[in-house]
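# Close look at the chain arrangement
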Amino acid sequence: MRANSTIQVYTAQVANYPVKGIRAEVVFDAPMEHVLKVAMNVNQYANWIYKCKKSVLAKQVSNTEVIYYHITDAPWPVDDRDQYSTTKLTKQSDGTYWMHSHTLPDYGSELMGNVRVKNGKATWHFTPLPNGKVKGEYELFFDPAGHIPTWIINLFIAEGPFVTMQNMQREVKAVSSK
């Protein structure tokens, strides 16, 4: 586990898979609309997602659903990872929001020099808090594909989500101060 006063990141074994899954909790000092604006702006993911080299909108399916292309900068000698993913945001009757994402393994062309991530899922649950803040709960599972020793992946798996949550808090704060 890695934590500070507003972020907690946990890892857990995933059944029948050697790579650990991630669960993170974060509190944003901003209204829901600002959190959602950052979360759904895929063209700005490189500003706050850990090791995101590039993220671009591939298709606007609706106001609440997108398909995007993402490249993750992997350290040498490992090849960068790329993926197409779909993300859908849904509002619940209790005022909370769910954001579900998963990779689209057969969508788009694979770029030479990158390894395609074909198996990944992420879920956000955003809950408004009484003090005008928002609690975010995040779960992630992905298979980075290719040849990376599992022990190396699991050694650093909590670092990425923790840095991502810190960066997202910063981005949300910047949106709130405009």
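Residues numbered from 1 in each chain as written. Predicted model: local features only at pLDDT ≥ 70, side-chain atom pairs only at ≥ 80, totals over all residues. Heavy atoms only, no water.

## Structural notes on the packing of helix α1 (residues 32–40) against helix α3 (residues 159–176)
Look at α1 against α3: their axes get within 9 Å of each other, and the N-to-C directions meet at 120°. Relative to α3, α1 is oriented oblique. Crossing of α1 over α3 shows right-handed handedness. Across the interface between the two elements, His-34, Val-35, Lys-37, Val-38 and Ala-39 from α1 touch Met-168, Glu-171, Val-172, Val-175 and Ser-176 from α3. (Axes fitted to C-alpha atoms, helices over the stretch in contact; angles between N-to-C directions. Helix = DSSP H or I, 4+ residues; strand = E, 2+ residues; numbered from the N terminus. Parallel < 35°, antiparallel > 145°, perpendicular 65-115°, else oblique. Left-handed = near helix turned anticlockwise from the far one by under 90°. Contact = heavy atoms within 4.5 Å.)

## Points about the pairing of strand β2 (residues 7–14)
With seven bridges connecting them, β2 and strand β3 (residues 17–28) associate as antiparallel partners. Looking at β3, one finds that Thr-11 is bridged to Ile-22. Hairpin geometry of β2 and β3 is characterised by an intervening segment of two residues between the two adjacent antiparallel strands and by a positive phi of about 60° at Asn-16. (Pairing = 2+ DSSP bridges.)

## Remarks on the environment of Arg-116
Relative to the helices and strands, Arg-116 is located in strand β8 (residues 114–116). Apart from the residues lying within four places of it in its own chain, the contact partners of Arg-116 are Tyr-69, Asp-82, Gln-83, Tyr-84, Pro-105, Tyr-107, Gly-108, Ser-109, Glu-110 and Ala-145. At 2.9 Å, the side chain of Arg-116 forms a polar contact with the side chain of Asp-82. One polar contact links the side chain of Arg-116 to the main-chain carbonyl oxygen of Tyr-107, over a distance of 3.1 Å. (Polar contact = N/O pair within 3.5 Å; in protein donor to acceptor, adjacent residues only side chain to side chain.)

## Here's the deal with α3
With 18 residues, α3 should cover 26 Å at 1.5 Å per step; its first-to-last C-alpha distance of 26 Å lies within 8% of that length. Among all positions in α3, only Gly-160, Pro-161, Phe-162, Val-163, Thr-164, Met-165, Asn-167, Met-168, Gln-169, Glu-171, Val-172 and Val-175 are buried. (Expected span 1.5 Å × (residues − 1). Buried < 20%, exposed > 50% of the residue type's maximum accessible area, 1.4 Å probe, protein only.)

## What to know about the pattern of salt bridges
Per the counting criterion, the structure on display carries seven salt bridges. The salt bridge partner of Arg-23 is Glu-137, with a shortest N-O separation of 2.9 Å. Here Arg-23, found in strand β3, pairs with Glu-137, found in strand β10 (residues 134–143); they are 114 residues apart in sequence, far enough to count as distant. Between Asp-80 and Lys-53 there is a salt bridge, with its nearest N and O atoms 2.5 Å apart. Taken as a pair, Asp-80 in strand β6 (residues 80–91) and Lys-53 in strand β4 (residues 52–62) lie far apart in primary sequence, 27 residues in all. Each member of the salt-bridge network shares a partner with another, and the members are Arg-23, Glu-25, Glu-137 and Glu-139. (Salt bridge = Lys/Arg side-chain N within 4 Å of Asp/Glu carboxyl O.)

## Comments concerning the environment of Pro-144
Relative to the assigned elements, Pro-144 resides in the loop between β10 and α2 (150–156). A relative accessible area of 7% means that Pro-144 is categorised as buried. Aside from chain neighbours lying at most four places away, what touches Pro-144 is Tyr-17, Val-19, Arg-81, Val-115, Val-117 and Ile-153.

## Some points on the pairing of β6
Here β6 lies mainly inside the structure; nine of its twelve residues are buried. Note: strand β5 (residues 65–72) against β6, eight bridges, orientation antiparallel. Each residue of the ladder has a partner; that of Ile-71, found in β6, is Asp-82. In this sheet, β8 lies alongside β6 in parallel orientation, the contact comprising three bridges. For Asp-82, the partnering residue across the bridge sits in β8 and is Arg-116. With seven bridges connecting them, β6 and strand β7 (residues 97–103) associate as antiparallel partners. If you follow Lys-88 over to β7, its bridge partner there is His-100.

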